[in-house]
Amino acid sequence: MKQDKKKQTLLQNPKNQSKGPKQQVTQKLPDDMESEIRDCFNFYDPSRTGFINRQNMRSILGNFGFINKTVKDIEEEIRDVVEETRDSFSLKDVIQLISKKWFENKGRDEEIDEIYELFVRKDRKVGLPEIKNVFAQYLDIQISDADILEFIQDASKDKDGLTKEDIAAKMGYI
């Protein structure tokens, strides 16, 4: 009886499953992110063989949310997704690995938090001054106040400034 209950719990909540068959991530990354991954993969595969080596795989992963991870941690992540031990990886392998991090390991939530913290200052809402400050500090783009205000009006639920949820929704994360 206990075995059946445990099996039922694992089926209902597969994230709690630590051992056993490897799971495929079924959610799809945002199109622009997949495009960036593809571009990065093609950079490391200039002869278009369809495969990259282990070192290049780790380099790509470092650009897509595997920051502050040791080589050992990254190798463990690779083993969790790739079925067999090998030294070359396809674009599909790379996307699968990044998808796992993005959806199962809170990578998407971490990115939303980082973006929000980049903009937010005082009242935990992002408005015209905060957006102008980030653009001035990090980007060499001239944008009018009217365009920024239009963006805020379009993205903000309460039209009073952007919350973290507004930013996540505008970026297509939720």
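My aim in this report is to walk through the structure given alongside it, one point at a time. (Residues numbered from 1 in each chain as written. Predicted model: local features only at pLDDT ≥ 70, side-chain atom pairs only at ≥ 80, totals over all residues. Heavy atoms only, no water.)

**Quick word on the environment of Lys 101**
Link 1 in the chain: Along the chain, Lys 101 turns up in helix 5 (residues 91-104).
Link 2 in the chain: The spacing of Lys 101 and Leu 61 is 40 residues in sequence and 9.8 Å in space, taken between C-alpha atoms. (Helix = DSSP H or I, 4+ residues; strand = E, 2+ residues; numbered from the N terminus.)

**A closer look at helix 3 (residues 54-63)**
Link 1 in the chain: Where helix 3 is concerned, the buried positions are Arg 54, Asn 56, Met 57, Ile 60 and Leu 61. Across the axial projection of helix 3, the buried residues extend over an arc of 160 degrees, all falling on one side. Opposite its buried face, helix 3 presents the exposed residues Gln 55 and Asn 63, each directed more than 90 degrees away.
Link 2 in the chain: Tucked into the core, helix 3 has its buried residues touching helix 2 (31-44), strand 1 (52-53), helix 4 (71-81), strand 2 (88-89) and helix 5.
Link 3 in the chain: Where helix 3 begins, the capping side chain belongs to Asn 53, and its oxygen is found 3.1 Å from the backbone nitrogen of Gln 55. (Buried < 20%, exposed > 50% of the residue type's maximum accessible area, 1.4 Å probe, protein only. Arc of directions from axis to C-beta. Contact = heavy atoms within 4.5 Å. Polar contact = N/O pair within 3.5 Å; in protein donor to acceptor, adjacent residues only side chain to side chain.)

**A short note on the pattern of salt bridges**
Link 1 in the chain: One pass over the full model with this rule turns up 9 salt bridges.
Link 2 in the chain: One salt bridge in this structure joins Lys 28 and Glu 34, with 3.4 Å as the shortest N-O distance.
Link 3 in the chain: The salt bridge involving Glu 34 is made with Arg 38; its shortest N-O contact spans 3.9 Å. Of this pair, Glu 34 and Arg 38 both sit in helix 2, 4 residues apart, which is roughly one turn of that helix.
Link 4 in the chain: Three or more residues joined by partner-sharing salt bridges are found here, namely Lys 28, Asp 31, Glu 34 and Arg 38. (Salt bridge = Lys/Arg side-chain N within 4 Å of Asp/Glu carboxyl O.)

**Here's the deal with the side chain of Ser 99**
Link 1 in the chain: Within the fold, Ser 99 resides in helix 5.
Link 2 in the chain: Among the polar contacts listed, one links the side chain of Ser 99 to the backbone oxygen of Ile 95, at a separation of 2.8 Å.

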